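# Architecture and fold: a report
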Amino acid sequence: MSAETPAAPGQFARRRLQFRAWRGTRPFWAGLFVMLGGLPIAYFPYAHLQVGHLTLAMATTAGAGSLIIGVLLVVLGFSLWFQKHVRTFAGVAAILLALVSIPVSNLGGFLIGFLLAMVGGALAVSWAPGAPPEPQSLQDVAQGEGGAPAAAAPYEAAPHDSASYYAKPQEPAPSESADGTDEPNDLSGTSPVNNGANGRHSAG
């Protein structure tokens, strides 16, 4: 794949974001420090330091114990990555193994492995999973792209869906009289003209 391929930068950014999301859900740095602490503890007792024509052997009487401590620290580091629910146990175990490595493995790998394992164990014990993301509020949902509020649907907050419900109420039609005219039939007895009684008041 050439360097001019346009898909390469996008793929790298996507992989980086996936790794960041994976790293954020587990005690990543705690596991890394614990694993790095186990390497010098297991390596130095079996290493030979060449100083000119002089070969300096750093092996101790408990070389097998140093190897076991180093391997256990590496295993605990991987456990912190892939089995995060055992973080408290793995952190306490890493701290204890780091302390045991001081008399067993050349002062804990010349204090390098000891310090790395101690820091990693402390990070593992103190690590806690983050809170889940809060649901998006209704105000954020109502806003459109660019921060502009989205247009509300007509009659969105109304209890009825029909637009005819909100039409202007019609005035009641005047009641028709018996002779077919549109004059109102006033039976109150107070108007001698409108009630067709020829000037006489209706009794009762």
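Structure: see above.
These lines cover the structure that appears in this document, whether it is placed above or below. (Residues numbered from 1 in each chain as written. Predicted model: local features only at pLDDT ≥ 70, side-chain atom pairs only at ≥ 80, totals over all residues. Heavy atoms only, no water.)

### Points about the overall build of the protein
- The helix and strand tally for the protein stands at 7 helices and 2 strands.
- Taken from the N to the C terminus, the helices and strands of the protein come in the order α-α-β-β-α-α-α-α-α.
- Out of the 204 residues belonging to the protein, those deemed buried represent 24%.
- Taken as a whole, the protein presents about 14800 Å² of accessible surface, with 64% of it coming from carbon and sulfur. (Helix = DSSP H or I, 4+ residues; strand = E, 2+ residues; numbered from the N terminus. Buried < 20%, exposed > 50% of the residue type's maximum accessible area, 1.4 Å probe, protein only. Areas by Shrake-Rupley, 256 points an atom, 1.4 Å probe, with all protein chains shown as cover.)

### Looking at the environment of V125
- Structurally, V125 can be placed in helix α6 (residues 112-126).
- The class for V125 is partly exposed, based on a relative accessible area of 38%.
- V125 sits 39 residues away from V86 along the chain, and the two C-alpha atoms are 9.6 Å apart.
- If near-sequence neighbours (up to four positions away) are discounted, V125 is found in contact with R87, T88, G91 and V92. (Contact = heavy atoms within 4.5 Å.)

### Some remarks on the packing of aromatic side chains
- This model, assessed by the stated rule, comprises 12 aromatic pairs.
- For the pair W22 and F28, a centre-to-centre distance of 6.1 Å together with 75° between the ring planes defines the contact as edge-to-face.
- According to the relative accessible area criterion, W22 is partly exposed, its value standing at 26%.
- Taking the centre distance of 5.9 Å and the plane angle of 80° together, the rings of F78 and W81 count as edge-to-face. Of the two residues, F78 and W81 are both situated in helix α3 (residues 63-82); the distance of 3 residues between them amounts to about one turn of the helix.
- A relative accessible area of 41% places F78 in the partly exposed class.
- The exposure class assigned to W81 is buried, which follows from its relative accessible area of 13%. (Phe/Tyr/Trp six-rings, centres within 6.5 Å; stacked < 30°, edge-to-face > 60°.)

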